[in-house]
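Listed here are the chains, written in short residue letters.
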Amino acid sequence: MPADRLLATVLRAYQDTPNPVETDKILATTTALLTNLNNPLNLSLLTSHFLTARSIWQAPDGLRTCLRVMSIYNTAAIHVRKNELDSVKAPRGAPLVGSGVNSEDWARAVAKGADDRSARWQHVLVLTGILMGMEGDDRRSLSRSLRSTLEQAVATAANLALEDHIRTGPLGRGAVVLALTYAFPLISQSVMQMLHGNVLLPAVIEAMLGDEGFQHGNFISSITRDITPGKIISWHHNSPSVTQISNLESRPLAQNMGPLARLAAFAVQHATDPNIVLQAHEELLGFTAGLLEKWTHCPLSAVDLSVEAATLSSDALQGPYPMLWHLLKKIMFTVVATLQPIVGRSLLDPFMRNDMIAPTMATKTLHILRNLSFISTRQDAGAFQVYEFTYLTSLDIITRYPDACVSYLQDTQPPSPQNGNVVPSPAIQALTLFYLNTAEHLPFSLPTPAAETLIITPATAHLSPTTSWLTSPANNPQSSLTLQLFESSHACVLSVLSCPQHSSLAAQLIPFYIDVLLSSFPSRISPRQFRLAFRTVMQITSPPYPISATHPELSETLLEMLRFRAIDASTDPLLHLNEKATATSKEEAPVVSEQTALVLALIDALPYLPLHVLEEWLTRAAETMNTILDPGMREVVRRRFWDILVSGEMDVERGAICVAWWGTNGGREMVLLGQPRGSGADFLMSGALVAEQDVQGKESSRL
């Protein structure tokens, strides 16, 4: 059919009632006409009628229709440019390929069709499609001036559409946001500055969280209705909730969340009204709070990672369940990527960093991250740089405001375990872990009563054998967060003990903590963690901490406890607790036994002992080292002993005591040769020659 007759047919079809089958044919014919019409006036006419077509716009399929419109003009532009290049390469006298209209004339003609008869947001779709087809993938089809004009037209149309809130409507705002996610990589920095962040940011947040985005988390409620409870949880792959999740994932914005988050970051940085940014922050908080609430009411929230295979049906494990977690992780990544520039701006914006706004923003940011903790704690999903920046920056801000710290911890404090036989749900475990990890950073900003109530009490509740479910038989198989909760509880106690202003808690807390520490090793904490914790406690009992003056005997008492434990400790090599460690790290870490780790902890504590007992404990440490029977493990301890003597860990006064002990008091013989205390040293004159001198000299030079 000739192009003119086909054009008349399509223009009549535009006025028909919507019909999905006919709509597909109309769109395909429109693409063909845009490629083959050789009269620029007809191109403008076709575009003008297309943007007001009843058959297309009376009942659009959301943003899918908008994406197809951009795709039509993108495809047509690509073909027009290709035909133009083929015509140039064709032999002289050969007929023109395609319509014969060059790229610049075609782009101008189509852009003229975006007139006052149609909405501004529809213009954005057409202009973006032209820009993508002509300039995408480094095609460089247009002159510099025309490309600049086209870029400015996209920005201007977007601004006008978003400013006309009533005429544009939710679909129009979503269409503008969708178009900008595709146009953004193609427009210059100067044109980007033309976009109005004050109207763009609310539209981006609405599109991200609304019906065309994450649907306010309502898909979780539909899952709750479709799940069949029982010993084996059944979730069929053809249930309505699975269909809803599949449809959500296939929506244009849901497939384009990375560029959408970058667009949101741009809007945050360029919004001139800080209240617009604060409103976006508030909407993210409301969205994540609703998401957490819906998840806690979903039966799937009670399924721990460690028991998924035994709890879920095979249908759920093979399809819907992985798809759900993929969507939840996408939600977390998108929200955090949008949150990061808001937090970054709060450091620079004078309005947002004042003492009234800053603590509130930091608190809300931590609430948002807490609401996402059931996602971020699953297989360390939160271990990425943007999350770490957002989290740690918010902590840095809130620690400047003691009242805000107390208020936040009071609002989020998890229920203390009263019965060790009741294992909380994975969602509660995730919230508890986030609380403990956050509380670990706040003791310096808290008064002592608050530190005891809000940090020590919940931490010791998870460490005490009488109240902790972590060590209970009911926690079998162990939940996926058991070790992390245990480590975080230890870290909270140590962080409080490390603050000099909380020294009144140290005297009563250290004996309990050391008892828990010794009983936890090696079943629940690794040798590295045990050594770090014990060394920290020993440092706390030394000057300048006040407890060193009120309880001067405490450090020696702790070392005696450790030494007696080492005498009867197991000599079997320890297995790695953290199975997620890489193979390289496991190969680099020396194999040690429980006894070896205890002796290493004893040696680590030597730099913190009072001067008058240091020499005695150097001797006792060497004697304890020599009780290790395995030569390889004993060599590991010997090297650590030598390292602590020469590496500078000792201060000047302690270093002088170590030199005297090593040279004239038998230290060298005990460490290098394994001789007992005072063996032969009382019968030798200083500088005397002995038969073993050469052997000792070789050992000394090797070290």
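Keep in mind that this is a model prediction, so the values were computed, not measured.

Each value, and the rule that gives it
- Residues numbered from 1 in each chain as written.
- Predicted model: local features only at pLDDT ≥ 70, side-chain atom pairs only at ≥ 80, totals over all residues.
- Heavy atoms only, no water.
- Helix = DSSP H or I, 4+ residues; strand = E, 2+ residues; numbered from the N terminus.
- Buried < 20%, exposed > 50% of the residue type's maximum accessible area, 1.4 Å probe, protein only.
- Contact = heavy atoms within 4.5 Å.
- Areas by Shrake-Rupley, 256 points an atom, 1.4 Å probe, with all protein chains shown as cover.
- Lys, Arg positive; Asp, Glu negative; His and termini not counted.
- Charge placed at Lys NZ, Arg CZ, Asp CG, Glu CD.
- Polar contact = N/O pair within 3.5 Å; in protein donor to acceptor, adjacent residues only side chain to side chain.
- 1 Å grid on protein atoms, 1.4 Å probe; cavity = no way out; pocket = protein on both sides within 12 Å on 5 of 7 lines; lining within 4 Å.
- Points joined across faces, edges and corners; volume = space filled by probe spheres on them.
- Expected span 1.5 Å × (residues − 1).
- Phe/Tyr/Trp six-rings, centres within 6.5 Å; stacked < 30°, edge-to-face > 60°.
- Lys NZ or Arg CZ within 6 Å of the ring centre and 35° of its normal.
- Patch = residues over 30% accessible without salt bridge, like charges linked within 9 Å, V, L, I, M, F, W, Y side chains within 5 Å.
- Salt bridge = Lys/Arg side-chain N within 4 Å of Asp/Glu carboxyl O.
- Axes fitted to C-alpha atoms, helices over the stretch in contact; angles between N-to-C directions.
- Parallel < 35°, antiparallel > 145°, perpendicular 65-115°, else oblique.
- Left-handed = near helix turned anticlockwise from the far one by under 90°.
- Nonpolar A, V, L, I, M, F, W, Y, C, P; charged D, E, K, R; others polar.
- Core = buried A, V, L, I, M, F, W, Y, C linked by side-chain atoms within 4.5 Å.
- pLDDT = per-residue confidence, 0-100.

## Section: the overall build of the chain
- Helix and strand content of the chain: 36 helices and zero strands.
- Counting over 703 residues, the chain shows a buried share of 52%.
- In the chain, of all internal contacts separated by at least 6 residues, the share reaching a separation of at least 24 is 76%.
- If you sum the accessible surface of the chain, you get close to 31400 Å²; carbon and sulfur atoms cover 55% of it.
- Computing the positive centroid from 51 side-chain charges and the negative centroid from 64, the chain places the two 10 Å apart.

## A look at unusual backbone geometry
- With an omega dihedral of 0 degrees, the bond running from N476 to P477 counts as a cis peptide bond.
- Within the secondary structure, P477 is located in the loop between helix 24 (448–463) and helix 25 (482–497).
- In this structure, P544 follows P543 across a cis peptide bond, with omega equal to 10 degrees.
- Within the secondary structure, P544 sits in the loop between helix 27 (527–540) and helix 28 (547–550).
- For D137, which is not a glycine, the phi torsion comes out positive at approximately 55 degrees.
- By the secondary structure assignment, D137 is in the loop between helix 7 (120–135) and helix 8 (144–163).
- Relative accessible area serves as the criterion here: at 69%, D137 is assigned to the exposed category.

## Regarding the side chain of R640
- By secondary structure assignment, the location of R640 is in helix 33 (residues 631–646).
- Here the side chain of R640 touches E649 through a polar contact of 2.8 Å, side chain to side chain.
- Setting aside its immediate chain neighbours within four residues, R640 contacts R531, L600, I603, D604 and E649.

## Concerning empty space enclosed by the protein
- All told, the structure shown has three cavities of 30 Å³ or more when counted by the stated rule.
- What lines the largest cavity is a set of 17 residues, among which V303, W325, F374, R378 and P426 lie closest to the centre.
- No other element matches helix 23 (residues 426–439), which puts three residues into the lining of the largest cavity.

## A word on helix 25
- Taking 1.5 Å of rise per residue, the 16 residues of helix 25 would be expected to cover 22 Å, and the 23 Å separating its terminal C-alpha atoms lies within 8% of that figure.
- Burial analysis of helix 25 places 13 of its 16 residues in the buried class, which makes it a mostly covered element.

## Focus on the packing of aromatic side chains
- The full count for this structure, using the stated rule, is 16 aromatic pairs.
- Ring geometry for F521 versus F530: centroids 4.6 Å apart, planes at 20 degrees, classification stacked. With respect to burial, F521 and F530 carry one shared label: buried.
- Ring geometry for F641 and W661: centres 5.8 Å apart, planes at 10 degrees, overall stacked. Linking F641 in helix 33 with W661 in helix 34 (residues 652–664), this pair joins segments that are 20 residues apart in sequence. Residues F641 and W661 agree in their burial class; the two are buried.
- The rings of F333, F384, Y387, Y391 and F434 are connected pair by pair, giving a single aromatic cluster.
- The ring of W325 has R378 lying over it, and the distance from NZ or CZ to the ring centre is 4.2 Å.
- Lying across the ring of F564, R563 places its NZ or CZ 5.2 Å from the centre.

## Concerning the side chain of Q122
- On the secondary structure map, Q122 appears in helix 7.
- Here Q122 is in contact with L51 and W57, once residues within four sequence places are set aside.

## Thoughts on a nonpolar patch on the surface
- A surface patch of nonpolar side chains, about 280 Å² in accessible area, is lined by L347, L348 and F389.
- Inspection of the secondary structure puts L347 in the loop between helix 18 (320–346) and helix 19 (358–371).

## Description of the packing of helix 32 (residues 611–626) against helix 34
- Closest axis-to-axis distance for the helix 32/helix 34 pair is 10 Å, and the angle between their directions is 45 degrees. With respect to helix 34, the axis of helix 32 lies oblique. Remark: the crossing between helix 32 and helix 34 carries right-handed chirality. From helix 32, L611, L614, E615, L618, T619 and A622 reach across to helix 34, where they touch E653, R654, I657, C658 and W661.
- Looking at the contact of helix 32 with helix 34, its residues break down into seven nonpolar, one polar and three charged.

## Details of helix 27
- For helix 27, which comprises 14 residues, the first-to-last C-alpha distance of 20 Å matches the rise-based estimate of 20 Å (1.5 Å per residue) to within 8%.
- In the core, the buried residues of helix 27 are packed alongside helix 25, helix 26 (503–520), helix 28, helix 29 (554–567) and helix 31 (594–604).

## Side note on the nonpolar core
- In this structure, W106, L300 and F641 are the most contacted members of the largest nonpolar core, which totals 223 residues.
- The dominant element in this core, judged by the number of residues it contributes, is helix 18, at twelve residues.
- Among all residues touching F641, those that are not within four sequence positions of it are I603, L606, L618, A621, A622, M625, W661 and V671.

## Structural notes on the environment of T438
- With respect to the helices and strands, the residue T438 is situated in helix 23.
- When the C-alpha positions of T438 and R54 are compared, they lie 56 Å apart, and in sequence the two are 384 residues distant.
- Those residues within four positions of T438 in sequence are excluded, and the remaining contacts are L366, Y391, L395 and Y408.

## Quick look at the environment of L494
- Note that L494 resides in helix 25.
- Relative accessible area serves as the criterion here: at 13%, L494 is assigned to the buried category.
- The sequence separation of L494 and A533 amounts to 39 residues, and the corresponding C-alpha distance is 7.3 Å.
- When sequence neighbours within four positions are dropped, the list of residues in contact with L494 reads Y513, A533, T536, V537 and I540.

## Things to note about the confidence of the model for the chain
- When pLDDT is averaged along the chain, the result is 89, and 93% of the positions lie at 70 or above.
- Across residues 679–688, confidence stays below pLDDT 50; counting only partners more than four residues off in sequence or on other chains, it has one contact.

## Here's the deal with the pattern of salt bridges
- Per the stated rule, a full pass over the model turns up 28 salt bridges.
- The salt bridge involving R638 is made with E635; its shortest N-O contact spans 2.9 Å. Placement of both R638 and E635 in helix 33 is noted, with a separation of three residues, approximately one turn of the helix.
- On the accessibility criterion, R638 (12% relative accessible area) is buried.
- Put simply, R640 and E649 hold a salt bridge, and the shortest N to O gap is 2.8 Å.
- Look at the salt bridges and you will find they share partners, linking R531, R535, D604, R640, D643 and E649 into a network.

## A look at the packing of helix 2 (residues 20–36) against helix 5 (residues 62–89)
- The contact between helix 2 and helix 5 brings their axes to 8 Å, and the two run at 30 degrees. The angle between the axes of helix 2 and helix 5 places the two elements in the roughly parallel class. When the axes of helix 2 and helix 5 are compared, the crossing they make is right-handed. Across the interface between the two elements, D24, L27, T30, T31, L34 and T35 from helix 2 touch R68, I72, Y73, T75, A76, H79, V80 and N83 from helix 5.

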